[in-house]
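Structural characterization, general
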Amino acid sequence: DAPEPREDYEDLHLKLNASDGLETQQSRFIDCFIVLDRSIDWHGSRSRYRNCSISIGRIGSLDLTGTAMNMTSFENSRIGFANFAGCEAQDVLFRNCTFEALDLTAAKFKRVWFENCTVEDLDLRDFEGNSIDFTGLDFAKVQGLQNLRNGTINETQLMQIASGLAMLAGIKVV
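Rules used throughout
Residues numbered from 1 in each chain as written. Predicted model: local features only at pLDDT ≥ 70, side-chain atom pairs only at ≥ 80, totals over all residues. Heavy atoms only, no water. Pairing = 2+ DSSP bridges. Helix = DSSP H or I, 4+ residues; strand = E, 2+ residues; numbered from the N terminus. Buried < 20%, exposed > 50% of the residue type's maximum accessible area, 1.4 Å probe, protein only. Contact = heavy atoms within 4.5 Å. Lys, Arg positive; Asp, Glu negative; His and termini not counted. Salt bridge = Lys/Arg side-chain N within 4 Å of Asp/Glu carboxyl O.

Section: the pairing of strand 11 (residues 128-133)
As defined by bridge partners, strand 9 (residues 108-115) adjoins strand 11 across 5 bridges and the pair is classed as parallel. Pairing of V112 across the sheet is with I132, part of strand 11. Sheet topology note: the strand 11/strand 13 (residues 151-152) ladder contains 2 bridges and is parallel. Bridge pairing in strand 13 places I132 opposite G151.

Written as structure tokens, this is what we have:
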């Protein structure tokens, strides 16, 4: 059975095949393994995840606004729109994930890694990060470039955002 909103789950091993949607708002997950093969959407705002492993085959939208995550991984996931706005994450790994849009507006991340991930549209407006490794995140468009501070990017990423950084610094490039 699928988890329900406003419930506590510990040591849950959940594998769901195709579903129309998953509703887990204000739930708490501790030491859980969640595998979602395919879904239209997952609404899990204001939930808590600690020491969890999450794998999503393909999903249209993932709403984890206002969540708290600690020692959690997202792996092998294809997500249309991922909303982590206002999320507080610490010691989180994103591995082999593809996002069409990744919204980190007003999120607070500490020690978060991206490995072999891609995103078309990355929104970092009002984002606060500390020890964020973006080197494994291939991005096409970034909003809120100034909020990459305290993060690590690679040389290729620097070249992608150079004109935007120059504009922020008031440098005219001809």
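Re the environment of E120
Checked against the element boundaries, E120 lands in strand 10 (residues 117-123). When its relative accessible area of 51% is taken as the criterion, E120 is described as exposed. Along the sequence, E120 and F99 sit 21 residues apart, while their C-alpha atoms lie 6.7 Å from each other. Ignoring sequence-local partners within four residues, the contact set of E120 consists of F99, E100, A140 and K141.

Details of the side chain of D41
You can see D41 is positioned in strand 4 (residues 33-43). In this structure, D41 is buried with no salt-bridge partner, the nearest side chain bearing the opposite charge being R58 at 12 Å. Leaving out residues up to four positions away in the same chain, D41 has contacts with D20, G21, L22, I59 and S61.

What about the pattern of salt bridges?
Throughout the structure, instances matching the rule amount to 6 salt bridges. Note that E115 is salt-bridged to R95, the shortest N-O span being 2.9 Å. Within this pair, whereas E115 is found in strand 9, its partner R95 is found in strand 8 (residues 88-103), the two being separated by 20 residues in sequence. Look at the salt bridges and you will find they share partners, linking E75, R95 and E115 into a network.

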